[in-house]
Each structure stands twice: as C-alpha cells, then as structure tokens.
Amino acid sequence: MRIKPLATPVAVEPPRSGEDAAECVACNTPDDAYIWFSERWRVRAMDRPTGLPMVLILECRSHLDLGDLPNLLAAELGVMTVRLERAVRSLDGVARVHVNRWGDGSAHLHMWFLARPYGQLQLRGTFLSLWDDILPTIPEHQWRENLAMVAAWLAEFGGEANAEPPHIQWESPGTFSTSPTAESQTTAAASASVGGPTAGTTSVAGEGVPAPAGPWGTQTEESNADSSAGMFPVKPAAGSPEAEPADGDDHSPSADDSHDASNTPNGPKVPRQAAGETSSRV
C-alpha cells in the first residue's frame, strides 16, 4: 500500500457547478423535489435509500454561499442547523448526526446532515460519508418513514412538509374457501353420528332433514299424524269433549243466544241441548 502522490497545484481553480444562478441546479429545482420548504429554506433527500438511516441537505433559497449570507440568513442558519439535527437525531437507531459543509462541488450553499447508526462505533469520525456508499441499503419503507417524520418535525415550527409515510398494502382474499354445501353435509353427518335426527326434524329417506315451518312453528311428527295437509293444526270436531266449553265459561252458548251458528266467524258452535235433556257431563 502506497500513499497517492499529490498533484501539482493549478494556477486557476475551475468554476464550481452553479456559479451562474441561471444554471444553478438548486435554483431551478421546484419545491416538489424537497421534503420540506419554507420562505427562505428547503430540505431535500437523496433520490433513493442509502446505507445510513438518513442523509439530508439543507439549502437556502437565495443563490448565496456560506460567507455571502446576510445577518438575517446567517442567524437563521444556526437555528435551522440545530432544528434539523434534532429532527434527525429523534429517529430510531440514530446515535449522532454529522453536519458537514464542503462547498467544493456546488456554489449554492448546502449543508449535509448524516445520521450515524447507534452502536456502530466503527463508523465514527470523518469517514462516515464514505461508509454511506459501502453499507447495505436500508429498506425503502423505513427510509420513507424517516423522511416523513423529519418533515413533520420541521413543519411544527413552520413551513410545509412534503413527504408522506409509506402506504399500507392491504391484501384480501378474492374468494372464500368455505363451501356451504360441504358445511351442510358435515353438519348432517355429525347429527346422524350423535343420535339420528334431532328434535324438530322429520325422517325423510333415513336422513335428518328439518321439517318446513308453518305459521305456528316447526312441524313435528305428531302434527303430521293429525293433519292431512301437514301445515295447519286440526280443529276439534263438533260434539267432542275438546270442543265443549267448560262450565261457567263466558263464551258458552246460552238459551238466549239468537245468533245463527253458521254465521259466526269462528265456524259452527256446539248445538244447544234440548229442553228436558240432561248433560252427560258431570
């Protein structure tokens, strides 16, 4: 390993990028490319995630270098530096924030903020910017979440945040795996294995099939034996003990009842006893 020899100094240094404001990239970039912007300052990020948790650049809107700042912008630069350092340091997994200004590449003032991961002591010092190109790239969703948090932190003190957190990718099944036919067959098989048809079902071809429900509830085997229709209960026949009203019933026919039994809405009433005829009931 040998140390690279120094080149001969040049007589006149070449112009930096953006010496002319008309050709300055920072001046011609719209606010949509920045994660946060205000009346006099803007903060932008890299185009894609890098090896460090966060790398940001603070720029002033005016086409000025560091030594050209007026007192107002110079004072605000100190406030913005502290504010942005706190925002980056508030992220999870960040131990320190390196603030650098080189100024050899671009004439427009820009300050670098590089977050050093917590516990990575090997990354301490001036070579953190070189480690950023060597370390594995952090996940993009984490990178976008960090950008949104920093932008929201700065927006609490003014300006406008222009970074959104990653959207949740909701996934739902297109079809249902449960089959109604298979479920009904499984239920019928379970009922047959326990003890045949359950209460309230009629036996049809040896299988437990629920009986149709009529106006008075589910039809049972007893109602099937009494009713030929199988849907309505049978009314007691005239003259039967069930059809005769009990003694003292308010609805029992009397000798003074002159209504025609055939015209009653509830059907024919029980015939009245003839004069001198005794009742067979005790």
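See the structure printed just above.
Rules of the game
Residues numbered from 1 in each chain as written. Predicted model: local features only at pLDDT ≥ 70, side-chain atom pairs only at ≥ 80, totals over all residues. Heavy atoms only, no water. Phe/Tyr/Trp six-rings, centres within 6.5 Å; stacked < 30°, edge-to-face > 60°. Helix = DSSP H or I, 4+ residues; strand = E, 2+ residues; numbered from the N terminus. Salt bridge = Lys/Arg side-chain N within 4 Å of Asp/Glu carboxyl O. Buried < 20%, exposed > 50% of the residue type's maximum accessible area, 1.4 Å probe, protein only.

K.L.:
Describe in detail the packing of aromatic side chains, supporting the description with residues and values.
P.N.:
Pairs of aromatic rings are described using the distance from one ring centre to the other and the angle between the two planes. Overall, the coordinates contain one aromatic pair when judged by the stated rule. Each ring, one from Trp 102 and one from Trp 112, has its centre 6.4 Å from the other, and the planes form 65°; the classification is edge-to-face. With Trp 102 in the loop between β4 (94–100) and β5 (110–117) and Trp 112 in strand β5, this residue pair connects regions lying 10 residues apart in the sequence.

K.L.:
Go over the pattern of salt bridges, please, and point to the residues and values.
P.N.:
Going through the model one piece at a time under the given rule, you end up with 10 salt bridges. We note a salt bridge from Asp 31 to Arg 42, for which the minimum N-O separation is 2.9 Å. With Asp 31 in the loop between α1 (25–28) and β1 (36–37) and Arg 42 in strand β2 (residues 41–45), the pair connects residues that are 11 residues apart, well separated along the chain. On the accessibility criterion, Asp 31 (22% relative accessible area) is partly exposed. With a closest N to O distance of 2.5 Å, Glu 76 and Arg 40 form a salt bridge. Of this pair, Glu 76 sits in helix α2 (residues 71–89) while Arg 40 sits in the loop between β1 and β2, and the two are 36 residues apart along the sequence. Residue classification places Glu 76 among the buried positions, given a relative accessible area of 18%. We classify Arg 40 as partly exposed; its relative accessible area is 30%.

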